[in-house]
Amino acid sequence: MVSRVIPVDSFDLVIFGGTGDLARRKIFPALYRRFISGQMPEGSRIIGAARSDHNALEFRALIGQAIREFGGAAAQIDNKLKEFLDNLDYVTIDAKGTNGWSELAGMVRKDLVNAFYFSVAPSLFGPLAERLHAHNLADQTSRIVVEKPFGRDLKSAKELNAILALHFDEEQIYRIDHYLGKETVQNLMAVRFGNILFEPLWNSQYVDHIQITVAETVGVGGRGGYYDKSGAIRDMIQNHLMQLLCLIAMEPPSRFDPNSVRDEKLKVIRALEPVVPHHIVRGQYDATQTEPSYRDDAGDPKSRTESFVALKCEISNWRWAGTPFYLRTGKKLKARASEIAVVFKDAPHAIFGQEAGRHRNILIIRLQPNEGMTLGVTIKEPGPGGMRLVDVPLDMTFADALGPEAAEAPDAYERLIMDVVRGDQTLFMRGDEVEAAWKWTDPIVQGIAERHDVPKPYKVGTSGPDDANLLLKRDGREWREIRE
Ligand code: BG6
């Protein structure tokens, strides 16, 4: 199956923080892959803007090196890389001063789509927004892209929203949560709202519980200082896992347009019950013989920040009252595996008797790796000797079903950046959504601080602290195994 490339209009994309880590690892490699796919129209240009002194040639060399390092297979096609780099320009800029702004104003062509990517610390959002207007770079048609973390609590998120609102309309602001750009996450919507099969069962009458797991094998080494001020609840739950929960739990929007989808997600966040303390388990990875502990990585021997968290959440609405959502995420776990498991209830009456055992339908939506979906169904074990039941997967690994190209679907950043150029905000968070997510998260974080809660240590390469298993065991349930 050949993926279709939908043409977009020519653009000038300015990336503030153009020499930074995110730009080098994600943004430029993503743009390059879109270029290779033929989606970067002729005449489009990407302008890096940052504090460091470079001319355009030096900047191209720096980005070329980053693409070779982080761009995957496509990055090794050298003649294409040179062609791509020719579309890059650079300006040395002082985000809080005057340097570089007139030069940038002379570069950006107003007759093209203009997007400004703020790949910088949130403290610079205000100064950048202000200067874009002061130098006539931005108008009603420009778009700005902002990265997470969007604040660290409700107060700071409100302040950021207010600063941006001084200069831009909500329709111009693209707040990135890269989980929304993942292929399977969108497929989740396609499966729910493109089929009649699941929707009638998608409620507390038929769904026993839902598990959302984002497990990583990496630690926080290298960014321990930053991470230690954040922790898994702020870094992952408030945004990525919250977005997954919203897509699973939301009502069908009337249309697949930005505000219809985001209205429904917002209703879910607002219907979330506060999480009680004994429904939260926090953990921190221990040292091994060869690897440092979380506290070593964080550079604080007394750190109480969590590198793992498991939570039980409840949604108070007609559809979900009585169906718990269990969320868990952590670093240095046994495998890199992100999935959503929708565990359906038992059949109402067991006609095959106790010996047949307990069998449940489980729909697994696999985010990474091996993107795909599996529905576990119960069938008869072949052969004579009575009615023995067995669970088999109805498997839909995208690569198997749609060919290898499906496994190479654009990564999250490719899709999201192109959506900015297209002017489609569906996969971006609206301001009120981010604020509602913080409003729910704040009491969790505050409660932990007030209780002087200390995270439980866990061994590297496991599924986190044992208490996380108890959280489900108490409810007569168990986590699915974390495996690739
Ligand atoms: C980022 C977090 O937003 O998402 C990181 O700050 C985390 O801590 C990352 O590792 C996970 O993203 P992915 O796409 O690798 O699952």
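Residues numbered from 1 in each chain as written. Predicted model: local features only at pLDDT ≥ 70, side-chain atom pairs only at ≥ 80, totals over all residues. Heavy atoms only, no water.

Using the criterion set out here, one finds one cavity of 30 Å³ or more in the structure. By volume, the largest cavity is sized at about 30 Å³. T213, R328, A337, E339, R366, E481, I482 and R483 are the residues that line the largest cavity. Each residue belonging to the lining of the largest cavity can be placed in one class, and the counts come to two nonpolar, one polar and five charged. (1 Å grid on protein atoms, 1.4 Å probe; cavity = no way out; pocket = protein on both sides within 12 Å on 5 of 7 lines; lining within 4 Å. Points joined across faces, edges and corners; volume = space filled by probe spheres on them. Nonpolar A, V, L, I, M, F, W, Y, C, P; charged D, E, K, R; others polar.)

Counting through the fold element by element, H279 comes out in the loop between α10 (258-271) and β8 (280-285). Filtering out sequence-adjacent residues up to four positions away, H279 remains in contact with A310, L311, K312, E314, L471 and R474. (Helix = DSSP H or I, 4+ residues; strand = E, 2+ residues; numbered from the N terminus. Contact = heavy atoms within 4.5 Å.)

Turning to the nonpolar core, a few remarks are in order. Grouped together as the largest cluster of nonpolar side chains are 140 residues, with contacts concentrated most on F16, F28 and F84. With 12 residues, the single largest contributor to this core is helix α9 (residues 231-249). Residues in contact with F84, not counting those within four places in the same chain, are F28, L31, Y32, F35, M40, I46 and I67. (Core = buried A, V, L, I, M, F, W, Y, C linked by side-chain atoms within 4.5 Å. Buried < 20%, exposed > 50% of the residue type's maximum accessible area, 1.4 Å probe, protein only.)

Reading across from one edge, β14-β13-β12-β11-β7-β10-β9-β8-β15 is the order of the nine strands in this open sheet, with mixed pairing throughout. One side of each edge strand has no neighbouring strand; the edge strands of this open sheet are β14 (389-397) and β15 (456-458). Along the sheet, successive strands turn relative to each other by an average axial angle of 20 degrees, direction set aside. Judged from the five bridges that link them, strand β12 (residues 362-368) and strand β13 (residues 372-380) form a sheet pairing that is antiparallel. Counterpart to R366 in the pairing with β13 is G372. Against the sheet, helix α7 (residues 183-194) contacts β11 (337-344), β12 and β13, and its axis sits at roughly 150 degrees relative to β12. Across the face of the sheet, helix α16 (residues 466-473) comes into contact with β7 (207-215), β8, β9 (308-313), β10 (325-330) and β15 while running at roughly 10 degrees to β9. (Pairing = 2+ DSSP bridges. Axes fitted to C-alpha atoms, helices over the stretch in contact; angles between N-to-C directions.)

Around the ligand sit K148, H178, Y179, K182, E216, R223, D235, M236, H240, K331, R336 and Q368, and that is every residue in its neighbourhood. In this structure, E216 approaches the ligand through a side-chain N or O atom, which is 2.5 Å from an oxygen atom. Side-chain polar atom of K331 to an oxygen atom of the ligand: 2.6 Å apart, as the coordinates give it. Considering the ligand on its own, with 400 Å² of exposed area, one finds that the protein chains cover 81% of that surface. The class makeup of the residues in the shell around the ligand is two nonpolar, three polar and seven charged. (Near = heavy atom within 4 Å. Polar contact = N/O pair within 3.5 Å; in protein donor to acceptor, adjacent residues only side chain to side chain. Areas by Shrake-Rupley, 256 points an atom, 1.4 Å probe, with all protein chains shown as cover.)

With that settled, consider the packing of helix α1 (residues 21-36) against helix α14 (residues 412-422). Between α1 and α14, the shortest axis-to-axis distance is 8 Å and the interhelical angle comes to 70 degrees. Between α1 and α14, the interaxial angle falls into the category roughly perpendicular. Mapping the contact onto sequence places L22, K26, I27, A30, L31, R33 and R34 in α1 and Y413, E414, I417 and M418 in α14. Broken down by class, the residue content of the contact of α1 with α14 amounts to seven nonpolar, no polar and four charged. (Parallel < 35°, antiparallel > 145°, perpendicular 65-115°, else oblique.)

Before going further, it helps to examine the layout of surface pockets. What the second largest pocket holds in volume is close to 770 Å³. Looking at the second largest pocket, it is lined by 27 residues, and the ones nearest its centre are I362, I364, R480, E481 and R483. Here the element with the most residues in the lining of the second largest pocket is β13; it accounts for five residues.

Here D467 is to be found in helix α16. C-alpha separation for the pair D467 and I280, spaced 187 residues apart in sequence, amounts to 9.4 Å.

So, on to α16. Within α16, burial applies to A468, L471 and L472. Down the axis of α16, the buried set is contained in an arc of 90 degrees. They therefore lie on one face. Turned more than 90 degrees off the buried face of α16, the exposed positions are D466 and K473. The elements touched by buried residues of α16 are β7, β8, β9 and β10. (Arc of directions from axis to C-beta.)

As a further point, take the side chain of K182. Relative to the assigned elements, K182 resides in the loop between β6 (173-175) and α7. With no salt bridge to any partner, buried K182 finds its closest opposite charge in E371, at an N-O distance of 7.1 Å. A polar atom in the side chain of K182 sits 2.7 Å from the side chain of Q368. Contact partners of K182, with chain neighbours within four places excluded, come to Q368, A412 and R415. (Lys, Arg positive; Asp, Glu negative; His and termini not counted. Salt bridge = Lys/Arg side-chain N within 4 Å of Asp/Glu carboxyl O.)

Turning our eyes to something else, we now look at the state of the cysteines. Taken as a whole and judged by the stated rule, the model has zero disulfides. The thiol sulfur of C246 is not disulfide-bonded, and the nearest other cysteine sulfur, from C313, lies at 11 Å. (Disulfide = S-S within 2.5 Å.)

This brings us to α9. Between its first and last C-alpha, α9 extends 25 Å over 19 residues, near the 27 Å set by a 1.5 Å rise per residue. Most pronounced at I237, the bend in α9 amounts to some 50 degrees. (Expected span 1.5 Å × (residues − 1). Bend = angle between axes of the 7 residues up to and from the residue.)

Now for a nonpolar patch on the surface. Residues I351, F352 and M387 make up a contiguous nonpolar surface patch of about 300 Å² in total accessible area. With respect to the element layout, F352 can be found in the loop between β11 and β12. Looking at F352, the relative accessible area reads 37%, which means it is partly exposed. (Patch = residues over 30% accessible without salt bridge, like charges linked within 9 Å, V, L, I, M, F, W, Y side chains within 5 Å.)

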